[in-house]
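Fold and geometry: a report
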Amino acid sequence: MCRYSQRLGEQLADLHLHNKKQLEKLNKEQQTVGKGAGQAEAPVVEKYGFSVTTCCGYLPQKNEWQDDWLMFYSQQRLQHQINMMEKSYGDREARELWAKLQLKIPQFFTDVVIVPALLHGDLWGGNVAECAEGPVIFDPSSFYGHSEFELAIAGMFGGFNSSFYSAYHEKIPKAPGFAKRNQLYQLYHYLNNWNHFGGGYRGSSVRIMKDLLK
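Calculation notes
Residues numbered from 1 in each chain as written. Predicted model: local features only at pLDDT ≥ 70, side-chain atom pairs only at ≥ 80, totals over all residues. Heavy atoms only, no water. UniProt positions renumbered as here; feature names shortened; annotations may be inferred. Helix = DSSP H or I, 4+ residues; strand = E, 2+ residues; numbered from the N terminus. Rg over C-alpha atoms; globule rule 2.2 N^0.38 Å. Buried < 20%, exposed > 50% of the residue type's maximum accessible area, 1.4 Å probe, protein only. Contact = heavy atoms within 4.5 Å. Lys, Arg positive; Asp, Glu negative; His and termini not counted. Charge placed at Lys NZ, Arg CZ, Asp CG, Glu CD. Phe/Tyr/Trp six-rings, centres within 6.5 Å; stacked < 30°, edge-to-face > 60°. Lys NZ or Arg CZ within 6 Å of the ring centre and 35° of its normal. Axes fitted to C-alpha atoms, helices over the stretch in contact; angles between N-to-C directions. Parallel < 35°, antiparallel > 145°, perpendicular 65-115°, else oblique. Left-handed = near helix turned anticlockwise from the far one by under 90°. Nonpolar A, V, L, I, M, F, W, Y, C, P; charged D, E, K, R; others polar. Core = buried A, V, L, I, M, F, W, Y, C linked by side-chain atoms within 4.5 Å.

As annotated in an unreviewed UniProt entry, the protein chain is protein-ribulosamine 3-kinase from Anabas testudineus. Taken from UniProt, the Catalytic activity (unreviewed entry) comment for the protein chain reads in full: "N(6)-D-ribulosyl-L-lysyl-[protein] + ATP = N(6)-(3-O-phospho-D-ribulosyl)-L-lysyl-[protein] + ADP + H(+)".

For the protein chain, the count of helices and strands is 7 helices and 6 strands. In the protein chain, the order of α-helices and β-strands from amino to carboxyl end is α-β-β-α-α-β-β-β-β-α-α-α-α. Its C-alpha radius of gyration of 18 Å places the protein chain within 12% of the 17 Å reference for a compact globule of 214 residues. Its C-alpha atoms put the protein chain at 60 × 40 × 30 Å along the principal axes. Out of the 214 residues in the protein chain, the part that is buried amounts to 47%. Considering only contacts in the protein chain between residues 6 or more positions apart, those separated by 24 or more positions represent 67%. Taking the average place of the 23 positive charges on the side chains of the protein chain and the average place of its 22 negative ones, the gap between the two points comes to 4 Å.

What follows is about the packing of aromatic side chains. If you walk through the whole model with that rule in mind, you get 20 aromatic pairs. Consider the rings of Phe149 and Tyr188, whose centres lie 5.7 Å apart with planes at 55°: the pair is tilted. Here the residue Phe149 occupies a position in helix α4 (residues 149–157), and Tyr188 occupies one in helix α6 (residues 178–197), the gap between them amounting to 39 residues. Following the ring pairs from residue to residue traces out a cluster consisting of Tyr48, Trp69, Phe72, Tyr73, Phe109, Phe143, Phe149, Tyr185 and Tyr188. For the cation-ring pair, Arg77 lies above Phe143, with the distance from its terminal atom to the ring centre recorded as 4.2 Å. The ring centre of Phe109 lies 5.9 Å from the NZ or CZ of Arg181, which sits over that ring.

Take the packing of α6 against helix α7 (residues 202–213) next. Describing two packed helices takes the angle between their axes plus the distance from one axis to the other. Relative to each other, α6 and α7 sit at 155°, their axes nearing to 9 Å. By the angle class used here, α6 and α7 are roughly antiparallel. Every pair of crossing elements has a handedness; the one defined by α6 and α7 is left-handed. Residues Lys180, Gln183, Leu184, Gln186, Leu187, Tyr190, Leu191 and Trp194 of α6 pack against Arg202, Ser204, Ser205, Arg207, Ile208, Met209, Asp211 and Leu212 of α7. Looking at the contact of α6 with α7, its residues break down into 8 nonpolar, 4 polar and 4 charged.

Before going further, it helps to spend a moment on the packing of α4 against helix α5 (residues 162–171). One way to put it is that α4 packs onto α5 with a least axis distance of 13 Å and a crossing angle of 170°. Comparing the axis directions of α4 and α5 gives the class roughly antiparallel. Contacts from Leu151, Ala154 and Gly155 in α4 reach Phe164, Tyr165, Tyr168 and His169 in α5. Its residues assigned to classes, the contact of α4 with α5 shows 5 nonpolar, 2 polar and no charged.

What follows concerns the nonpolar core. With 35 residues, the main nonpolar core has Trp69, Tyr73, Leu78, Leu101, Phe109 and Leu184 as its most contacted residues. Going through the elements one at a time, α2 (69–89), α3 (92–104), β3 (117–119), α4, α6 and α7 are the ones with two or more residues in this core. In terms of residue count, α6 provides more of this core than any other element does, 7 residues in total. Setting aside chain neighbours within four positions, we find Leu184 in contact with Tyr73, Leu78, Leu101, Ile105, Phe108, Phe109 and Leu212. In this structure, Val128, Leu151, Tyr168 and Ile172 belong to the second largest nonpolar core, which totals 13 residues.

This is the structure:
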């Protein structure tokens, strides 16, 4: 994948910025009287979620449209995973950590502006390949969410080098507090893997919640 790492970073950032650019274009056109007003080339999305159910692995994701990203992520991503974990394992420690963590989540988003971005949703090294024309990504679990969410699983299982990250962050610079939010977004994938593959991922899920509560 190294041959096209830079291009993958650039194209992923373009994907994440597309809806934002459409929103800006629409807002500009709405301020213009007359010809061309409101002629955005693709539907503009102003909420978080997706129009159909998507899966991350074989587990369906809750994608009901929501205006607020923190509510969407907390309820439809983390709480949903915690509920499944509770049903299967009844893990008291994880449940108690989550009860504390969900109260702290807003602190990780101080002064961060989030615009809905179309995400691949499960972008780890195993879902990336290349052909003669360039990089290819597949097996998505798409929804509209915070662009930073995409980079969480990328960092968990490797497969992406520094030229990928440099190219991406040149277009979408890291916002203050990125590292903590990255852990918060990794928590979803550790919980999802716990619900897929069992207790081997319990330790990572609990550790991240403890780290975030420090």
